[in-house]
Amino acid sequence: MSDTPFGFGLPPEEPDDGDEGKKKDQESGGGQGPANPFGYGGLPGAGGFGGPGADNPFAAMFGSLNPTDLGAAFQQLGQMLSYEGGPVNWDMAKQIARQTVSQGTSDGTKDASVGPAERTAVEEAVRLADLWLDDATSLPSGAGSAVAWSRAEWVEATLPAWKELVDPVAERVGTAMGDVLPEEMQAMAGPLIGMMRSMGGAMFGTQIGQAVGVLAGEVVGSTDIGLPLGPAGKAALLPVNIESFGKDLGVPKEEVRLYLALREAAHQRLFAHVPWLRSHLFGAVDGYARGIKVDTAKLEDVVGQFDPQNPEQLQDALQQGMFQPEDTPEQKAALARLETALALVEGWVDAVVHAAAKPRLSSADALRETLRRRRASGGPAEQTFATLIGLELRPRRLRDASRLWASLTDARGVDGRDALWAHPDMLPTATDLDDPDGFVHREQLDFSELDKMLGEAADGSAEKREKDDDSE
């Protein structure tokens, strides 16, 4: 995580080519200190709020900051405290995410604009992947276009989906921040409550921005976490991350790109032609979020000891985990429903992609196992989201689900397997993942016979009505 939890330091210039630009303020001392939330730690003589100038921070700041730096810093502080939008300051989230992207990943890889050759390579890989998938699934292509994104472009394209996922939980925290004060004090403390909610919006915005920025350095497409984060019908790959992903695998770059294109295209087919799936997944996340309770004791303690000179304590409290799922049957059911849905999506993609790649790519087995382990372990950004919304967006039972889909293919064929996506009630449950053979060989309802019975009943009713009319 960034050491500037509220992002008050001056942001780096956004480079035209996606590489980290030169910061104009480096020579003037405008850098950010590691333990200073306001970004003043690197200033000569300032000392930050915990350094030599801590006894008189404003004197220290005025003594070393030029008017431009000082004005920009206080403008950013004012924007945070005056924020009156939703539960998350998404403008701040976007800014922090782009800052995080511009700093590069821990291995030293920098973001870069995608060139024409890389765009063409991605388009051709997705086109070939769709041809291969035609033999492995009855669902038609779901990618109306194929695009190659930089990390910064991934951030821009996926923020609307993150907003839909995170806002419900953040709303609960914002409400809790106002409720921790006794009711008789709330009317008197209106400005304080407003400030706390603004700080909460900034706190979430900063955390989400950092997590999205880190995740942008890890993902290889728009569907890596099993949820459709990008625009509908747009298969997207990130060439710079694909390069990093395949660097030490000993697999030709073209094969790595093609295998990842297969996964992206398979996800796109599923989300495009199972119209209820997206709302089912996001609804499951929202249902789980409604069952999360805020640790009000911890929040009361934080609010009671709030120090305006130490705003990062709010962030620290959040990182320590302020959310607890309610131990109720409804909450357990919501969690099981979400985990099973994620496992079924990822298991289907795993099985379908393996069927398409195995006869054609010598590296199919190795790449499959690498991707399985990668999804099972998760990265630092996914762990951050687990802390933020109390939920790990990982398919815990990916292997079980993949085996079940493969068994269904053997028993019923591709069409019979994919027909289960027609309605959520037809899908395997968590119990079925425990007993895949029982589900695969379970006698299926013959809907044609049911339709015939209903038709005959309707005809009989019509004949009876006609006889009744004649008798009158």
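Residues numbered from 1 in each chain as written. Predicted model: local features only at pLDDT ≥ 70, side-chain atom pairs only at ≥ 80, totals over all residues. Heavy atoms only, no water.

**Student:** Kindly report on the overall build of the protein, identifying the contributing residues and their values.
**Tutor:** A count of helical and extended segments in the protein gives 19 helices and 4 strands. Scored against the burial criterion, the 472 residues of the protein give a buried share of 49%. (Helix = DSSP H or I, 4+ residues; strand = E, 2+ residues; numbered from the N terminus. Buried < 20%, exposed > 50% of the residue type's maximum accessible area, 1.4 Å probe, protein only.)

**Student:** Explain helix α14 (residues 364–377) to me, and be specific about the residues and the numbers.
**Tutor:** With 14 residues, α14 extends 20 Å between its outermost C-alpha atoms, agreeing within 8% with the 20 Å of an ideal straight helix rising 1.5 Å per residue. All of the buried residues in α14 are Ala364, Leu367, Arg368, Leu371, Arg372 and Arg375. Buried residues of α14, seen end-on, are gathered within an arc of 135° and therefore sit on one face of the element. (Expected span 1.5 Å × (residues − 1). Arc of directions from axis to C-beta.)

**Student:** If you had to explain the packing of helix α13 (residues 329–357) against helix α16 (residues 398–418) to someone new, which residues and values would you point to?
**Tutor:** α16 packs onto α13 with a crossing angle of 65° between their chain directions and a minimal axis gap of 8 Å. The way α13 lies across α16 gives a crossing that is right-handed. Together, Ala343, Leu344, Glu346, Gly347, Trp348, Asp350, Ala351 and Val352 of α13 and Leu398, Ala401, Ser402, Trp405, Ala406, Arg417 and Asp418 of α16 make up the contact between the two elements. (Axes fitted to C-alpha atoms, helices over the stretch in contact; angles between N-to-C directions. Left-handed = near helix turned anticlockwise from the far one by under 90°. Contact = heavy atoms within 4.5 Å.)

**Student:** How would you sum up the side chain of Asp350? Please name residues and give values.
**Tutor:** Tracing the sequence through the fold places Asp350 in helix α13. By relative accessible area, Asp350 is classed as buried at 3%. Once residues lying within four places of it in the same chain are set aside, the contact partners of Asp350 are Arg368, Arg372, Leu398 and Ser402.

**Student:** Tell me about the nonpolar core, and name the residues and values.
**Tutor:** The biggest cluster of nonpolar side chains holds 90 residues, and the ones touching the most others in it are Trp154, Trp162, Leu277, Trp348, Trp405 and Trp421. Counting residues per element, this core draws most heavily on α13, at 13 residues. Apart from the residues lying within four places of it in its own chain, the contact partners of Trp421 are Leu270, Val274, Trp276, Leu277, Leu344, Val345, Trp348, Trp405 and Leu427. (Core = buried A, V, L, I, M, F, W, Y, C linked by side-chain atoms within 4.5 Å.)

**Student:** Please provide a residue-by-residue account of the pattern of salt bridges, values included.
**Tutor:** Under the counting rule described, the total for this entry stands at 19 salt bridges. Between Glu164 and Arg278 there is a salt bridge, with its nearest N and O atoms 3.3 Å apart. Of this pair, Glu164 sits in helix α5 (residues 151–179) while Arg278 is found in helix α10 (residues 277–290), placing the two residues 114 residues apart along the sequence. By relative accessible area, which is 41% here, Glu164 ends up partly exposed. Here Glu369 and Arg373 are joined by a salt bridge, their closest N and O atoms 3.1 Å apart. One end of the pair, Glu369, and the other, Arg373, are both in helix α14, 4 residues apart, so they sit about a helical turn from each other. The class of Glu369 is partly exposed, set by a relative accessible area of 24%. (Salt bridge = Lys/Arg side-chain N within 4 Å of Asp/Glu carboxyl O.)

**Student:** Break down the packing of helix α9 (residues 253–273) against α13 for me, citing the residues and quoting the values.
**Tutor:** Running from N to C, α9 and α13 point in directions that differ by 130°, and their axes come no closer than 9 Å. Judged by the inter-axis angle, α9 sits oblique to α13. Relative to α13, α9 is oriented so that their crossing is right-handed. Across the interface between the two elements, Tyr259, Leu262, Arg263, Ala266, His267, Leu270 and Phe271 from α9 touch Val345, Glu346, Trp348, Val349, Val353, Ala356 and Ala357 from α13. For the contact of α9 with α13, a count of residues per class yields 11 nonpolar, 1 polar and 2 charged. (Parallel < 35°, antiparallel > 145°, perpendicular 65-115°, else oblique. Nonpolar A, V, L, I, M, F, W, Y, C, P; charged D, E, K, R; others polar.)

**Student:** Help me get a handle on the environment of Pro252, residues and values and all.
**Tutor:** Note that Pro252 resides in the loop between α8 (239–245) and α9. Along the chain, Pro252 and Ser363 lie 111 residues apart, while their C-alpha atoms are 8.8 Å from each other.

**Student:** Mind laying out the confidence of the model for the protein, listing which residues take part and the relevant values?
**Tutor:** Residues with a pLDDT of 70 or more make up 58% of the protein, whose mean pLDDT is 75. Contacts for the low-pLDDT stretch residues 1–65, under 50 throughout, to residues beyond four places or in other chains number 121 contacts. (pLDDT = per-residue confidence, 0-100.)

**Student:** Quick one: what's the story with the packing of aromatic side chains, residue by residue and with numbers?
**Tutor:** Inspection of every chain in the model, using the stated rule, returns 3 aromatic pairs. Ring geometry for Trp348 and Trp421: centres 6.4 Å apart, planes at 85°, overall edge-to-face. Taken as a pair, Trp348 in helix α13 and Trp421 in the loop between α16 and α17 (430–434) lie far apart in primary sequence, 73 residues in all. Among the aromatic residues, those joined into a ring-pair cluster are Trp276, Trp348, Trp405 and Trp421. Against the face of Phe282 rests Arg278, its NZ or CZ located 4.2 Å from the ring centre. (Phe/Tyr/Trp six-rings, centres within 6.5 Å; stacked < 30°, edge-to-face > 60°. Lys NZ or Arg CZ within 6 Å of the ring centre and 35° of its normal.)

**Student:** Please set out the environment of Glu330 residue by residue, giving values where relevant.
**Tutor:** Mapped onto the fold, Glu330 is located in helix α13. Since its relative accessible area comes to 58%, Glu330 is described here as exposed. Sequence separation of Glu330 and Gly291 is 39 residues, and the distance between their C-alpha atoms is 7.9 Å.

**Student:** Provide a residue-level description of the side chain of Arg263, including the pertinent values.
**Tutor:** Within the element layout of this structure, Arg263 appears in helix α9. Ignoring any residue separated from it by four or fewer positions in sequence, one finds Arg263 in contact with Glu346, Val349, Val353 and Leu371.

**Student:** Quick one: what's the story with α10, residue by residue and with numbers?
**Tutor:** Compared with an ideal rise of 1.5 Å per residue, which puts 14 residues at 20 Å, α10 spans 20 Å between its outermost C-alpha atoms and is within 8% of the ideal. Of all the positions in α10, only Leu277, Leu281, Phe282, Ala284, Val285, Gly287, Tyr288 and Ala289 are classed as buried.

**Student:** Go over the environment of Ser377 with me, naming the residues and quoting the values.
**Tutor:** Turning to its location among the elements, Ser377 is positioned in helix α14. Between the C-alpha atoms of Ser377 and Arg396, which are 19 residues apart in sequence, the distance is 9.5 Å.

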